[in-house]
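What follows is each chain in one-letter form.
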Amino acid sequence: MNSIEEKLWNYLDGSCSTKEHEAISHLIATDPTYQQKYQELLAFNQELENMELDAPPMAFTYNVMEAIRTEEASKPLKANIDHRIIKAIAAFFVVTIAALLVIALANSHTSSVHETVQIPVKVQIPTLTNYFSGPVMKGFLFFDVVLALFLLDEYLRKRHTTAS
Amino acid sequence: MQSKFSDIELIEQTLQGNQTAYADLVKRHQRFVFTLAMRFTKTREDAEEVAQDSFIKAYRSLQNFQGQSKFSTWLYSIVYTTAMTFLRKRKLDTSSIDDENNYLQIENQSGGFKNDLAENKSRSYYVNQAIEQLLPDDAMIITLFYKGEQSLEEIAVTLGIEPNNVKVKLFRARQRLKEKLERNLKHEVSELI
C-alpha cells in the first residue's frame with residue numbers, strides 16, 4: 001500500500017486484512033490528516049453508491065423477445081427436420097436401387113463358355129421390362145447419381161466447415 | 001412486476017422452452033445491462049443495440065451456462081465482449097476520450113445547457129456526468145462495483161483479468177472520477193458566478 005488514499009479505499013472496500021483494518025482505524029481516530037481524507041472518501045463513496053442507473057426504453061424487453069422469436073422462426077429448415085425422416089428416405093432409395101439391381105441382373109442374358117448352370121427349382125422372376133422402359137430407367141439412375149453427388153457435396157462441405 | 005423465481009429457476013424454465021421466463025430475466029437485468037452499455041457507447045441508441053445483442057447472445061448460449069458463477073456475472077461478461085466488439089466495429093478511439101481536447105469538447109457540450117444552471121442539479125447528476133467522461137473500462141469497473149453487486153473477484157471474471165488488477169484499476173478509476181467531478185463542479189460554480 002502506497003498512499004493514504006489507497007489505504008483508506010482498501011479500508012472502505014473491506015479488502016484489507018484484520019490487522020491492517022485495525023491499524024487504519026487507529027490512524028483515522030488519531031491522525032487528523034487521515035480523519036479528513038477518510039470523511040472526504042466516505043462522502044464520495046456514498047455518492048457512488050447512490051448513483052442512478054439509466055433506464056432502457058419501455059419496449060426494451062418486448063424488442064429483445066421479438067428479436068429472439070424472429071431468430072427462432074428464421075432458423076434453417078434442416079435444423080428442424082427429424083433425422084429419422086432423412087434416414088427413412090435414404091433407406092427407401094437404397095432398397096429401391098438394390099431391388100432394381102437384382103431384377104436387372106436376373107433379366108440379363110449372359111453367355112458363357114462353360115455349361116449353363118441349371119437351377120433345380122424354377123424361380124418365377126417377374127419381368128418388369130413392361131413397367132420400366134429404357135429412358136425411364138436411365139432417368140431414374142441419373143436422378144440417383146445426382147442425388148448421391150449432392151449428398152456427397154453436403155457431407156464434404158460440412159466436414160470442411162467443422163475442420164475450419 | 002419482478003418474477004418471484006431466482007435467476008437459476010428462470011434459466012431452467014427457459015431451457016425447457018418457456019420464453020416468458022427469459023422475458024422475466026431480461027426485465028430483471030435490463031436496467032443494469034443498459035447502463036453498462038451506455039458506459040461504452042455514450043448514446044442511448046447504440047446502448048440499446050448493444051444491450052439487445054447481449055441478451056440475444058445470452059439466450060443463444062444459455063445451454064452453456066454452467067452455474068459456476070452468478071448469472072449476472074456471466075451476463076456482464078457477454079455485455080463487455082459485445083460492447084468491445086461494437087466499439088471496434090465503429091472504430092471509436094476510446095483512448096482519446098480522456099484527452100484534454102475531448103474533455104473541452106464535452107465541456108462545450110454541457111455549455112449548451114446554460115439555462116439549466118439555475119436549476120438545482122443533484123450530486124447524482126454530476127456523478128453521472130463525470131462517469132460519462134471516463135474511459136469505458138473505468139466507467140464499467142465503477143458501475144460493476146457499486147451498482148452491479150459484484151465483488152472484485154466477480155469483476156475479474158467479467159473482464160477476464162486478475163482480481164489484483166481489478167483492485168488497482170478500481171482505485172485509479174475512482175481517482176480519475178474524483179478529479180473529473182471536482183473539475184466539473186468547479187466549472188459549474190465559475191459559470192454561475
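Residues numbered from 1 in each chain as written. Chains lettered and ligands numbered in written order. Predicted model: local features only at pLDDT ≥ 70, side-chain atom pairs only at ≥ 80, totals over all residues.

Asker: Before we move on, can you summarise the environment of Asn 164 of chain B with the specific residues and values?
Answerer: Secondary-structure assignment places Asn 164 of chain B in helix H9 (residues 163-192). In the structure, Asn 164 of chain B is positioned twelve residues away from Leu 152 of chain B in sequence and 8.2 Å away in space, judged by C-alpha atoms. (Helix = DSSP H or I, 4+ residues; strand = E, 2+ residues; numbered from the N terminus.)

Asker: Can you lay out the packing of helix H3 (residues 44-60) of chain B against helix H4 (residues 71-90) of chain B for me, pointing to particular residues and giving the numbers?
Answerer: When two helices pack together, their arrangement is captured by the angle between the axes and the distance separating the axes. Residue and element names in this part refer to chain B. Interaxial distance between H3 and H4 falls to 9 Å at its minimum, and their mutual angle equals 130°. Between H3 and H4, the interaxial angle falls into the category oblique. The hand of the H3/H4 crossing is right-handed. Within the contact between the two elements, H3 uses Val 50, Asp 53, Ser 54, Lys 57 and Ala 58 and H4 uses Leu 75, Ile 78, Val 79, Thr 82, Ala 83 and Phe 86. Taken together, the residues that form the contact of H3 with H4 break down as seven nonpolar, two polar and two charged. (Axes fitted to C-alpha atoms, helices over the stretch in contact; angles between N-to-C directions. Parallel < 35°, antiparallel > 145°, perpendicular 65-115°, else oblique. Left-handed = near helix turned anticlockwise from the far one by under 90°. Contact = placed C-beta atoms within 7 Å. Nonpolar A, V, L, I, M, F, W, Y, C, P; charged D, E, K, R; others polar.)

Asker: How would you explain the interface of chain B and chain A if you had to name every residue and give the values?
Answerer: Taken together, the contacts link 28 residues of chain B with 23 residues of chain A. Counting only elements with at least two residues in the side of chain B that touches chain A, the list comes to helix H2 (19-41), H3, helix H6 (123-132), helix H7 (136-147) and H9 of chain B. Residue contributions to the side of chain B that touches chain A peak at ten residues, all from H2 of chain B. Of the residues in the side of chain B that touches chain A, the class split is 14 nonpolar, six polar and eight charged.

Asker: Go over the environment of Cys 16 of chain A, please, and point to the residues and values.
Answerer: Residues and elements named next belong to chain A. With respect to the helices and strands, Cys 16 occurs in the loop between helix H1 (4-13) and helix H2 (18-30). The exposure class assigned to Cys 16 is partly exposed, which follows from the 18 C-beta atoms found within 10 Å. Once residues within four sequence positions are removed from consideration, Cys 16 is found in contact with Asn 10, Tyr 11, His 21 and Ile 24. (Buried ≥ 20, exposed ≤ 12 C-beta atoms within 10 Å, placed from the backbone.)

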